[in-house]
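The lines below spell out each chain.
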Amino acid sequence: MKRIVLLGPPGCGKGTQSKLLVERNSFVQLSTGDLLREETLKSNSDLGIKINKIMESGELVPDEIVIDIIVKKVKEFRDKSIIFDGFPRNINQAKVLDNSLKSVSIELDNVIFFEINFDILKERIENRIKESQNQEQRKDDNLETLLNRIEVFKSSTLPIVDFYESKEILNKIDGMKSIDSVYSEILKIIS
Ligand code: AMP
């Protein structure tokens, strides 16, 4: 059983790699973005509306909301190999994840950090948005929000890299390589 975190800015390919690991390697993907979107669809409550607004702006949803969702899932899938995709996104969440895993006697095996050239990432995002203009899109998949999500990544999420480096479970990979090369790198790391 493996428990891994995929860490990287929006658009770096974490979602694509998670799907491959689910299909080919029997992982369960825990994506807080997906879980939050499910939550907002379920209820048109004040909470759902609040979460929606925050997601549309690209800011982080308050820790207590996200943590509540993820802690339940950790318990549910304690006997499975898990990919954490989009969680943790700040140091507090990283510490909570550690404690939550400890409480069910498991720990993280690897944190895989997708290193990205931010200028090229911005170009990719701009092109993707131009190409998909007539298709159905996620509400936070617009240039303004995506650029904000990159800034939020730099200020809140990047400090996690040092946190996991000091725990000696951080692995850096070149996120600019092809989907297949990144996938093989990940397999090497987790095998
Ligand atoms: P994602 O699908 O991972 O790109 O996330 C989409 C949006 O959901 C983010 O821009 C945040 O607003 C919110 N979100 C997802 N995961 C988290 C998290 N771990 N902490 C706070 N907000 C999150």
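Starting afresh in each chain, residues are numbered from 1 along the sequence in its written order. pLDDT decides what is reported in this predicted model: residues at 70 or higher carry local features, side-chain atom pairs at 80 or more are listed and counted, and totals for whole chains, interfaces and linings draw on all residues regardless. Hydrogens and water molecules were not included; the side-chain quantities draw on all heavy atoms of the structure.

Let's shift gears to the site of the ligand. Taken together, 16 residues surround the ligand, and among them Thr32, Glu59, Arg89, Gln93 and Arg149 come closest. In protein, a polar contact requires one atom able to donate a hydrogen and another able to accept it; more generally it is a pair of N or O atoms within 3.5 Å, and residues adjacent in sequence count only if both atoms are side-chain atoms. Val61 is positioned with one of its backbone polar atoms (N or O) 3.0 Å from a nitrogen atom of the ligand. Gly86 places a main-chain nitrogen or oxygen 3.0 Å from a nitrogen atom of the ligand. Against a free-state accessible area of 480 Å², the protein chains account for coverage of 95% of the ligand. Considering each element in turn, the shell around the ligand owes the most residues, four residues, to helix 2 (residues 32–42). Any residue with at least one heavy atom within 4 Å of a molecule or strand is counted as near it. All accessible-area figures derive from a Shrake-Rupley calculation using a 1.4 Å probe, and residue coverage is judged against the displayed protein chains alone. Note on conventions: DSSP H or I runs of at least 4 residues are helices, E runs of at least 2 residues are strands, and numbering of each starts at the N terminus.

Now for the packing of helix 2 against helix 4 (residues 63–76). To define axes, lines are fitted to C-alpha atoms, for helices over the stretch in contact only, and angles between the resulting N-to-C directions are given on a 0 to 180 degree scale. Two elements in contact, helix 2 and helix 4, have axes separated by 11 Å at closest approach and are oriented at 105°. On the basis of their axis angle, the class for helix 2 and helix 4 is roughly perpendicular. Between helix 2 and helix 4, the contacting residues are Thr32, Leu35 and Leu36 on the first element and Ile65, Val66, Ile69, Ile70 and Lys73 on the second. Polar here means any residue outside two lists: the nonpolar Ala, Val, Leu, Ile, Met, Phe, Trp, Tyr, Cys and Pro, and the charged Asp, Glu, Lys and Arg; Gly therefore counts as polar. Among the residues forming the contact of helix 2 with helix 4, the class breakdown is six nonpolar, one polar and one charged. For this classification, under 35 degrees means roughly parallel, over 145 means roughly antiparallel, 65 to 115 means roughly perpendicular, and everything else is oblique. The contact definition used throughout considers only heavy atoms, calling two residues in contact when any of these lie within 4.5 Å.

Let's shift gears to the side chain of Thr145. By the secondary structure assignment, Thr145 is in helix 7 (residues 143–157). Three labels apply to residues, based on accessible area from a 1.4 Å probe with only protein chains included: buried if under 20% of the type maximum, exposed if over 50%, partly exposed otherwise in between. With a relative accessible area of 5%, Thr145 lands in the buried category. Setting aside anything within four residues of it in sequence, one finds Thr145 in contact with Met55, Glu56, Ser57, Gly58 and Asp140.

Turning next to the packing of aromatic side chains. What counts as a ring pair is set by centres within 6.5 Å for rings of Phe, Tyr and Trp (its six-membered ring), and what kind of pair is set by the plane angle: stacked under 30 degrees, edge-to-face over 60, tilted for all other angles. Following the criterion strictly, the structure yields two aromatic pairs and no others. Centre to centre, the rings of Phe118 and Phe153 are 6.5 Å apart; their planes meet at 45°, and the pair counts as tilted. Of this pair, Phe118 sits in helix 6 (residues 118–131) while Phe153 sits in helix 7, and the two are 35 residues apart along the sequence. The exposure class of Phe118 is partly exposed, given its relative accessible area of 22%. Considering the side-chain rings of Phe163 and Tyr164, the 5.1 Å spacing of their centres and the 70° angle between planes classify their relative orientation as edge-to-face. The class of Tyr164 is buried, set by a relative accessible area of 0%. Charge-over-ring contacts are defined here by two conditions on Lys NZ or Arg CZ: a distance within 6 Å of the ring centre and an angle within 35 degrees of the ring normal. A cation over an aromatic ring shows up here: Arg24 above the ring of Tyr183, its NZ or CZ 4.8 Å from the ring centre. Taking NZ or CZ as reference, Lys154 lies 4.6 Å from the ring centre of Phe118, over its face.

With that out of the way, let us pick up the pairing of strand 4 (residues 110–115). Taken across its six residues, strand 4 has five buried, putting it largely inside the fold. Direction of pairing for strand 1 (residues 3–7) relative to strand 4: parallel, over a ladder of four bridges. Note on strand 4: the bridge partner recorded for Leu7 is Phe113. One bridge is not enough; two strands pair if DSSP finds at least two bridges between them. Summarising the sheet, strand 4 and strand 5 (residues 170–174) pair through five bridges and their orientation is parallel. Within strand 5, the position partnered with Phe113 by the bridge is Lys172.

When you line up the elements, Arg149 lands in helix 7. Look at Arg149 and you get buried, because its relative accessible area is 14%. Apart from residues no more than four positions distant in its own chain, Arg149 is found in contact with Pro10, Gly58, Arg138 and Asp140.

This part takes up the packing of helix 5 (residues 91–103) against helix 8 (residues 159–166). The contact between helix 5 and helix 8 brings their axes to 9 Å, and the two run at 35°. Counting all contacts with helix 5, which are made through Ile91, Ala94, Lys95, Leu97 and Asp98, the residues of helix 8 involved are Pro159, Ile160, Phe163 and Tyr164. Broken down by class, the residue content of the contact of helix 5 with helix 8 amounts to seven nonpolar, no polar and two charged.

Here we come to the environment of Leu21. Considering the arrangement of structural elements, one finds Leu21 in helix 1 (residues 14–25). A relative accessible area of 0% means that Leu21 is categorised as buried. The spacing of Leu21 and Glu38 is 17 residues in sequence and 22 Å in space, taken between C-alpha atoms. Setting aside residues up to four positions removed in sequence, Leu21 forms contacts with Ile4, Ser26, Phe27, Ile83, Tyr183, Ile186, Leu187 and Ile190.

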